[in-house]
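Okay, here's what each chain looks like letter by letter:
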Amino acid sequence: MKNNIPFVIAIDGPAGSGKGTIAKKISTKLNYHYLDSGAIYRVIAYAAKKKNINTESIEELINLVKHLKIEFFENNEWLNGNKVSEFIRVESIGKLASQIAIHDKLRTLLLEYQRSFCKPPGLVAEGRDMASVVFPNANLKIYLSASVDERAKRRYKQLISKGNDVNLSDLAHEIKLRDKRDKDREVSPLVIVKEAYVIETDNLNETETVNKILSLFDKEKRC
Ligand code: DC
């Protein structure tokens, strides 16, 4: 941190690339703040589903968001004072989050909230447009990537361990569709910005990936 300006690490990547776990571990190691931007879209998707909102209508969505209080504390996500962590982590909500995330006005509305997480000594922010749109001046930009098969296997293990009944090829299919939607949308698509370090994680475990990012962090901090 120079002159009390927070050091920002932006980590982007497709669904199931391990961004969540990796970003959280890095923020803990560095004692930095943490932003899971996908969780914001997920909480909104969950609220929209509960209230039967037409998610194709940006007016309805904006009106909904204005009445939502989304908070992160005690390692959980809260919606209007209620803990919603377990409800937002299901595949159907991930899919709906990706569908609502195409709306430009909604994304713009969420910018200020996301940026409010940027506080000293620093922030680890993960999502799809952290390096490109939300924190374009981030000090370190990482793009985590992994093949569809590897990401489907990881998701499968995660969901099975939580007792869900899932099918590996269905998961791979869903991941491909989500990649397409997140990469092809007109506003803030998932892109690899030119300053990003691309880390291919198919053959790396979590510790190896975390260490790679931490060594890039050390390098950037020295500059
Ligand atoms: O990272 P995740 O799987 O929890 O994100 C769920 C969806 O939210 C993702 O498919 C697209 C959307 N999203 C987004 O558009 N921009 C972000 N910065 C983070 C997530």
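Residues numbered from 1 in each chain as written. Predicted model: local features only at pLDDT ≥ 70, side-chain atom pairs only at ≥ 80, totals over all residues. Heavy atoms only, no water.

### Some thoughts on the site of the ligand
Taken together, 16 residues sit near the ligand, with Arg42, Arg107, Arg128, Arg178 and Asp182 positioned nearest. Contact distances for the ligand include 2.7 Å between an oxygen atom and a side-chain N or O atom of arginine 42. In the model, an oxygen atom of the ligand is placed 2.8 Å from a nitrogen or oxygen of the arginine 128 side chain. Contact with the protein chains removes 97% of the 440 Å² of surface that the ligand exposes when unbound. Sorting the residues of the shell around the ligand by element identifies helix H2 (37-50), helix H5 (91-100) and helix H9 (168-184) as the ones contributing at least two each. Sort the elements by how many residues they give to the shell around the ligand and H2 lands first, with 4 residues. (Near = heavy atom within 4 Å. Polar contact = N/O pair within 3.5 Å; in protein donor to acceptor, adjacent residues only side chain to side chain. Areas by Shrake-Rupley, 256 points an atom, 1.4 Å probe, with all protein chains shown as cover. Helix = DSSP H or I, 4+ residues; strand = E, 2+ residues; numbered from the N terminus.)

### Comments concerning the layout of surface pockets
In this structure, the second largest pocket spans a volume of roughly 170 Å³. Looking at the second largest pocket, the residues that line it are Tyr46, Ala47, Lys50, Lys51, Leu68, Leu79, Asn80, Asn82, Lys83, Val84 and Phe87. The leading source of residues in the lining of the second largest pocket is H2, at 3 residues. Of the residues in the lining of the second largest pocket, the class split is 6 nonpolar, 2 polar and 3 charged. (1 Å grid on protein atoms, 1.4 Å probe; cavity = no way out; pocket = protein on both sides within 12 Å on 5 of 7 lines; lining within 4 Å. Points joined across faces, edges and corners; volume = space filled by probe spheres on them. Nonpolar A, V, L, I, M, F, W, Y, C, P; charged D, E, K, R; others polar.)

### Here we look at the nonpolar core
Formed by 42 residues in total, the largest nonpolar core has its most connected members in Leu35, Ile44 and Phe135. Elements with a contribution of two residues or more to this core: strand S1 (7-12), H2, helix H3 (58-66), H5, helix H6 (104-115), strand S6 (122-127) and helix H7 (130-134). Tallying contributions element by element places H2 first for this core, with 9 residues. Beyond its immediate chain neighbours, meaning those up to four positions away, phenylalanine 135 contacts Val8, Leu35, Gln114, Arg115, Cys118, Leu123, Ala125, Met130 and Lys141. Counting 17 residues, the second-largest nonpolar core is a separate cluster that includes Ile9, Ile26, Ile142 and Leu144. (Core = buried A, V, L, I, M, F, W, Y, C linked by side-chain atoms within 4.5 Å. Buried < 20%, exposed > 50% of the residue type's maximum accessible area, 1.4 Å probe, protein only. Contact = heavy atoms within 4.5 Å.)

### A closer look at the environment of asparagine 164
Along the chain, the position of asparagine 164 falls in the loop between helix H8 (148-161) and H9. The class of asparagine 164 is partly exposed, set by a relative accessible area of 33%. Distance from asparagine 164 to arginine 115, taken between C-alpha atoms, is 34 Å for residues 49 residues apart in sequence.

### Considering empty space enclosed by the protein
This model, assessed by the stated rule, comprises 1 cavity of 30 Å³ or more. What the largest cavity holds in volume is close to 30 Å³. What lines the largest cavity is simply Asp12, Ala131, Lys141, Ile142, Tyr143, Val191, Ile192, Val193 and Ala196. Looking at the lining of the largest cavity, the element that brings in the most residues is strand S7 (residues 140-145), giving 3 residues.

### Focus: the pairing of strand S4 (residues 76-79)
The alternating pattern of S4 places Asn76 and Trp78 on one face and Glu77 and Leu79 on the opposite face, and all of these are buried. The pairing of strand S3 (residues 70-73) with S4 spans 4 bridges and is antiparallel. The partner of phenylalanine 73 across the bridge, within S4, is asparagine 76. Connecting the antiparallel pair S3 and S4 is a turn made up of 2 residues, with glutamate 74 showing a positive phi of about 50°. Both S4 and strand S5 (residues 82-83) contribute to a ladder of 2 bridges, which runs antiparallel. When the sheet's bridge partners are listed, tryptophan 78 is paired in S5 with lysine 83. (Pairing = 2+ DSSP bridges.)

### Things to note about the environment of alanine 172
The topology assignment puts alanine 172 in helix H9. Sequence-wise, alanine 172 and serine 147 are 25 residues apart; in three dimensions their C-alpha atoms are separated by 10.0 Å. Residues within four places of alanine 172 in sequence aside, it is in contact with Val148 and Ala152.

### A look at the sheet that holds S6
In spatial order, the strands read S2-S6-S1-S7-S8; together these 5 strands make up an open sheet with parallel pairing. Either end of the sheet is taken by a strand with one partner, and the two such strands are strand S2 (33-36) and strand S8 (197-200). Between one strand and the next, the sheet's axes are offset by a mean angle of 20°, whatever the strand orientation. Here 4 bridges tie S1 to S7, and the two strands are oriented parallel to one another. Each bridged residue has a counterpart across the sheet, and for isoleucine 9 the counterpart in S7 is leucine 140. In the packing of helix H1 (residues 19-30) onto the sheet, contacts are made with S1, S2, S6 and S7, and the angle to S6 comes to roughly 175°. The sheet contacts of H2 involve S2 and S6, and relative to S2 the element is tilted by about 45°. (Axes fitted to C-alpha atoms, helices over the stretch in contact; angles between N-to-C directions.)

Function cannot be read off these values alone, since they describe shape.
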